[in-house]
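Residue-level listing of the chains:
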Amino acid sequence: MKIVEYPERETWPTLLARPGSDQREIAAAVEEIVETVRCEGDEALRRYGERFDGIRVDNLAVDEAEFEGACSGVPHELRSALLIAKANIEKFHTVEKLPERRIETTAGVVCWSRTVPIERVGLYVPAGSAPLFSTVLMLAIPARLAACREVVMCSPPRRDGTIDPATLFAARLCGVTKVFKTGGAQAIAAMAFGTATVPRVDKIFGPGNRYVTEAKLQVMRSGTTIDMAAGPSELAALVDETCVPSFVAADLLSQAEHGADSQVLLVSPSREVDRVLAEIEKQLPLLPRADTARRALENSKAIVVRSIAEGIDIINEYGPEHLIIATRDPEADADMVVNAGSIFLGNFSCESAGDYASGTNHTLPTNGSARGASGLSVASFTKTITLQRLTREGIEKLGPTIETMAEAEGLEAHRRAVSIRRGLPGGKGDGI
C-alpha cells in the first residue's frame with residue numbers, strides 16, 4: 001500500500017479514485033451477449049456457458065433430484081452455520097409493516113400510500129473464484145419477507161455442470177425453488193428478457209464482476225429495474241492508537257482477497273499505519289489468495305491525516321462500501337459519517353461478521369455510490385403506490401391552485417380537467 005501523508009483537500013478526488021478499466025470494451029462485449037440472449041434464449045445461454053464456464057449445460061434448471069443431492073452433501077457444521085446466519089439475517093430484516101396513514105392535505109383532499117411487493121424478482125449469485133452461498137441468504141431472505149410472488153435465481157455452474165451444494169442448500173432454506181445454471185452477463189439478460197426456461201423478472205438483484213454490472217445497466221435501459229450497479233468490493237478503515245493493528249490488517253486483507261480490482265483504504269491521524277502495514281506483510285503470505293490480495297493492495301492507500309475529524313471528511317468524500325472505525329470513541333465518530341454502506345464499530349467488529357452472519361445485509365453500494373444509495377433491505381423488494389381522493393369540497397378548495405399552476409405552465413388540458421369538475425367556463429361539468 002502506498003503511504004500518503006497529510007494530503008491537501010484539493011488532491012482528494014485524485015487520491016481517492018477507484019481502480020479503472022476500459023469500460024468501452026466491456027460495454028461492447030456485454031451488448032453483444034445481451035442482444036444474443038434476447039434473440040436466441042436458452043441456446044445462447046448454453047453456448048456462453050461452454051465458452052465462459054467451460055461446460056455446456058443442456059438442462060439449465062436445477063431439478064428436485066439435484067436439490068436433494070446437494071442438500072444431503074453439505075457438511076453438518078456448515079449447515080448449522082447457515083441456519084444461525086439465516087436466523088440473524090431474518091431478525092434484522094424483519095420489520096413491522098407501517099400502518100397505512102391517511103393525511104388530509106386540504107379539506108376534502110386525502111392522500112395515502114400503499115406498499116406492495118415487487119411481483120417477480122431475479123437473484124444473481126456469483127460463483128467465479130469461490131461459491132458465494134452467503135449471498136443467497138442476503139438476497140432471498142428479504143425477498144421472502146417482502147412476499148415477492150416469484151423468486152428466480154441464477155448462478156454459474158461448476159466444471160461438472162452442477163451448482164455448489166451449499167448454494168443450493170441456502171436456496172432451499174430460503175424457499176427458492178427456481179434455480180438456473182447460468183452466470184455472467186448472459187444470466188442477467190436471461191432474467192431481464194426471459195427465455196424458454198428462465199422466467200422474465202421485474203427487478204434483478206445481486207453482486208457481480210464488471211461484466212455483470214454492465215449487463216445490469218444495459219437491461220435497465222430496456223425496462224428491467226436493478227438493485228444497484230455494484231462494483232468491486234472495497235473497505236476503508238479509520239483508526240487511531242487504540243486500534244489493534246493485527247485486527248485492522250486482517251480486515252483490510254479480507255477485502256483485498258476478493259479480487260485484484262478491489263481497493264482498501266487505511267486512514268489514521270497517527271503513525272499507527274506503520275504497525276498495520278507491518279501486520280499486513282506478516283499475514284499476507286499466509287493467505288491462499290495472497291497473489292490476488294497483493295494486486296489489490298497495489299491499488300490501495302494508507303493516508304495519514306491531521307485529526308480524526310479530517311479522517312472522517314476523507315471517508316465521507318470516498319463513500320466506502322464497508323467502513324471499520326477502530327478509534328477511542330467509535331460510535332461518536334460514526335455519527336459524523338454520512339457516506340458509507342455499512343459501518344463496523346470497535347476492535348471486535350470485523351467486516352466478515354456483516355458479510356456472513358451478524359444480520360445486516362452485505363449487498364452494499366460501491367464505487368462511491370454510498371454517497372447517494374443504501375444497502376439492500378426488505379424495502380428494496382417492495383414499491384410504494386400513492387393514492388389520493390378528492391371530494392367536491394376538495395376540488396373546489398384546491399382547484400384554483402391547480403388551475404393557476406397549469407395555466408402558467410401552458411398546459412390547458414390540465415387546467416380544464418379541474419374546471420370541468422368545478423362546472424366553470426371552459427368545461428361542462430355537472431358538479432357531481
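For the structure itself, look to the data block above.
Residues numbered from 1 in each chain as written. Predicted model: local features only at pLDDT ≥ 70, side-chain atom pairs only at ≥ 80, totals over all residues. Heavy atoms only, no water.

## Some details on the sheet that holds strand β9 (residues 234–239)
And step 1. Reading across from one edge, β1-β11-β10-β9-β12-β13 is the order of the six strands in this open sheet, with parallel pairing throughout. What marks the edges here is a single partner per strand, and that holds for β1 (2–5) and β13 (342–345). Between one strand axis and the next, the sheet turns through 15° on average, direction left out of account.
And step 2. Of the strand pairs in this sheet, β9 and strand β10 (residues 263–268) are connected by five bridges, and their pairing is parallel. Its bridge partner lying in β10, Leu238 is registered against Val267.
And step 3. Packing of helix α10 (residues 245–256) onto the sheet brings it into contact with β9, β10 and β12 (322–326), and relative to β9 it is tilted by some 165°.
And step 4. Sheet contacts for helix α13 (residues 308–318): β9, β10, β11 (301–304) and β12; angle to β9, the most-contacted strand, approximately 170°. (Pairing = 2+ DSSP bridges. Helix = DSSP H or I, 4+ residues; strand = E, 2+ residues; numbered from the N terminus. Axes fitted to C-alpha atoms, helices over the stretch in contact; angles between N-to-C directions. Contact = heavy atoms within 4.5 Å.)

## Examining the packing of aromatic side chains
And step 1. The final tally for this structure, using the stated rule, is three aromatic pairs.
And step 2. With a centroid separation of 5.8 Å and an interplanar angle of 5°, the aromatic rings of Tyr48 and Phe52 are classed as stacked. Of this pair, Tyr48 and Phe52 are both found in helix α3 (residues 42–52), four residues apart, which corresponds to roughly one turn of the helix.
And step 3. Looking at Tyr48, the relative accessible area reads 7%, which means it is buried.
And step 4. What makes Phe52 partly exposed here is its relative accessible area of 41%.
And step 5. A centroid spacing of 3.8 Å and a plane angle of 15° characterise the contact between Phe205 and Phe381, whose relative ring orientation is stacked. Taken together, the residues Phe205 in strand β7 (residues 203–205) and Phe381 in the loop between α15 (351–356) and β14 (382–390) connect sequence positions 176 residues apart. Like Phe205, the residue Phe381 is buried in the burial classification.
And step 6. Geometry around Trp112 places Arg102 over its ring, the cationic atom sitting 3.7 Å from the centre. (Phe/Tyr/Trp six-rings, centres within 6.5 Å; stacked < 30°, edge-to-face > 60°. Buried < 20%, exposed > 50% of the residue type's maximum accessible area, 1.4 Å probe, protein only. Lys NZ or Arg CZ within 6 Å of the ring centre and 35° of its normal.)

## Looking at helix α2 (residues 23–40)
And step 1. Over its 18 residues, α2 runs 25 Å from end to end, which matches the ideal 26 Å to within 8%, given 1.5 Å per residue.
And step 2. Taken together, the buried positions of α2 are Ile26, Val30, Ile33, Val34, Thr36 and Val37. The buried residues of α2 all sit within an arc of 165° when viewed along its axis, so they share a single face. Opposite the packed face of α2, turned more than 90 degrees from it, sit the exposed residues Arg24, Glu25, Glu31, Glu32 and Cys39.
And step 3. Among the residues trailing α2, Gly41 stands out with phi positive, at a value near 60°. (Expected span 1.5 Å × (residues − 1). Arc of directions from axis to C-beta.)

## Section: the pairing of β13
The side chains of a regular strand alternate, residue by residue, between the two faces of the sheet.
And step 1. Only one face of β13 is covered, namely the one carrying Ser342 and Phe344; the face carrying Ile343 and Leu345 has none of its residues buried.
And step 2. Pairing of β12 with β13 involves four bridges; the strand directions are parallel. Note on β13: the bridge partner recorded for Ile324 is Phe344.

## Re the sheet that holds β14
And step 1. The three strands are arranged β2-β3-β14 in an open sheet whose pairing can be described as antiparallel. Taken across any chain shown, the strands that pair with only one partner, and hence form the sheet edges, are β2 (103–106) and β14. Each neighbouring strand pair of the sheet contributes to a mean axis angle of 30°, computed without reference to strand direction.
And step 2. With three bridges connecting them, β2 and strand β3 (residues 109–117) associate as antiparallel partners. Bridge pairing in β3 places Thr106 opposite Val109.

## Quick word on the pattern of salt bridges
Side chains carrying opposite charge are able to pair once their charged atoms draw close together.
And step 1. Evaluated as defined, the whole model comprises 29 salt bridges.
And step 2. The partner of Arg56 in a salt bridge is Asp58, and the shortest N-O contact between them spans 3.4 Å.
And step 3. Arg56 gets classed as partly exposed once you look at its relative accessible area, which sits at 33%.
And step 4. Of the charged contacts, one joins Asp160 and Arg158 as a salt bridge, the two residues approaching to 3.8 Å between their closest N and O atoms.
And step 5. Salt bridges sharing common partners tie together Glu43, Arg46, Arg56 and Asp58. (Salt bridge = Lys/Arg side-chain N within 4 Å of Asp/Glu carboxyl O.)

## Comments concerning the side chain of Glu272
And step 1. Among the structural elements, Glu272 can be located in helix α11 (residues 272–283).
And step 2. In this structure the side chain of Glu272 is engaged in a polar contact, spanning 2.6 Å, whose partner is the side chain of Arg275. (Polar contact = N/O pair within 3.5 Å; in protein donor to acceptor, adjacent residues only side chain to side chain.)

## Description of the side chain of Gln263
And step 1. Note on placement: Gln263 falls in strand β10.
And step 2. There is a polar contact of 2.8 Å between the side chain of Gln263 and the backbone oxygen of Asn299.
And step 3. For Gln263, the side chain forms a polar contact with the side chain of Tyr318, separated by 2.6 Å.

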